[in-house]
Amino acid sequence: QVQLVESGGGLVQAGGSLRLSCAVSGGTFNKYGWFRQAPGKEREFVAGIRRSDSSTVYADLMKGRFTISRDSAKNTVYLQMNSLKPEDTAVYYCAAGSRTLRDGVYDYWGQGTQVTVSS
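Here the structure is a predicted model, which is why all the values come from computation and not from measurement.

Draft legend 1. A look at the side chain of Ser21. For Ser21, the position within the fold is in strand E3 (residues 18-25). For Ser21, a relative accessible area of 16% gives the class buried. Those residues within four positions of Ser21 in sequence are excluded, and the remaining contacts are Val5, Glu6, Ser7, Trp34, Thr76, Val77 and Tyr78.

Draft legend 2. The pairing of strand E5 (residues 44-50), seen in detail. Where strand E4 (residues 31-37) lies against E5, 6 bridges are found, and the strand directions are antiparallel. Opposite Tyr32, over in E5, you have Ile49 as the bridge partner. Hairpin remark: E4 followed by E5, antiparallel, with 6 residues in the connecting loop; positive phi at Gly40, about 75°. Here E5 runs beside strand E6 (residues 56-58); their pairing, made up of 3 bridges, is antiparallel. Across the sheet, residue Ala47 finds its bridge partner in E6, namely Tyr58.

Draft legend 3. Structural detail: the pairing of strand E11 (residues 113-118). On E11, burial follows the alternation: Thr113, Val115 and Val117 on one face are buried, whereas Gln114, Thr116 and Ser118 on the facing-out side are not. As judged from the 4 bridges shared by strand E2 (residues 10-13) and E11, these two strands associate in the parallel manner. Across the sheet, Gly10 pairs through a bridge with Val115, a residue of E11.

Draft legend 4. Representation of the nonpolar core within the structure. Counting residues in each nonpolar core, the largest one holds 28 residues, and the members touching the most others are Trp34, Val46, Phe66, Ile68, Leu79, Met81 and Tyr92. When residues no more than four places from it in sequence are discounted, the contact partners of Val46 are Trp34, Phe35, Arg36, Val57, Tyr58, Ala59, Met62, Phe66, Leu79 and Tyr92.

Draft legend 5. Representation of the sheet that holds E3 in the model. One open sheet holds the 4 strands; their spatial order is E1-E3-E8-E7, and the pairing between them is antiparallel. The open sheet terminates on both sides in strands that have one partner only, identified here as strand E1 (3-7) and strand E7 (66-71). Strand-to-strand, the axes of this sheet are offset by a mean angle of 15°, without reference to chain direction. Strand direction decides the pairing type here: E3 and strand E8 (residues 76-81), joined by 6 bridges, are antiparallel. Bridge pairing links Ser21 to Tyr78 in E8.

Draft legend 6. Structural view of the state of the cysteines. In this structure the tally under the stated criterion is 1 disulfide. The disulfide bridge from Cys22 ends at Cys94, spanning 2.1 Å between sulfur atoms. Taking the torsion about the sulfur-sulfur bond, which here is approximately -80°, the covalent link between Cys22 and Cys94 counts as left-handed. Linking Cys22 in strand E3 with Cys94 in strand E9 (residues 90-97), this pair joins segments that are 72 residues apart in sequence.

How each quantity is defined
Residues numbered from 1 in each chain as written. Predicted model: local features only at pLDDT ≥ 70, side-chain atom pairs only at ≥ 80, totals over all residues. Heavy atoms only, no water. Helix = DSSP H or I, 4+ residues; strand = E, 2+ residues; numbered from the N terminus. Buried < 20%, exposed > 50% of the residue type's maximum accessible area, 1.4 Å probe, protein only. Contact = heavy atoms within 4.5 Å. Pairing = 2+ DSSP bridges. Core = buried A, V, L, I, M, F, W, Y, C linked by side-chain atoms within 4.5 Å. Axes fitted to C-alpha atoms, helices over the stretch in contact; angles between N-to-C directions. Disulfide = S-S within 2.5 Å.

The following block contains the structure:
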C-alpha cells in the first residue's frame, strides 16, 4: 500500500522559512512532486524531482525561493521554502508518479499539510 505523509507545515511570518517533508512508503516512483491549493483556487504545481538523477523542475513563481530535494535512504522528499509570502498560504500536497518529470500526471497523493504565512 502506497502512502505519502506530509509534515512540517505551520504558521510563519512573511519572510520566514519552512521545510516540508514527505515520507513515502509502499513503493518507489520515477518522480515526486509538490503541489499546493489555496482557498478558492485550483491546485497548482510547485516543484518536481526525478528519482534517477535528481533533476528538478519548478513553477516560475517558486524559482529561487523553493527547493525540492530527496533523501533516497529515507525515501523522503523535502520542500525548502524561503522568503515566504502571504500568498504562499495554502495546503501543500506531496505526490508521486511513474511518468516523465515534465508530464503533469501524478498517481499517488498525500493528505496535505497546511502552510500559513502571516503578514
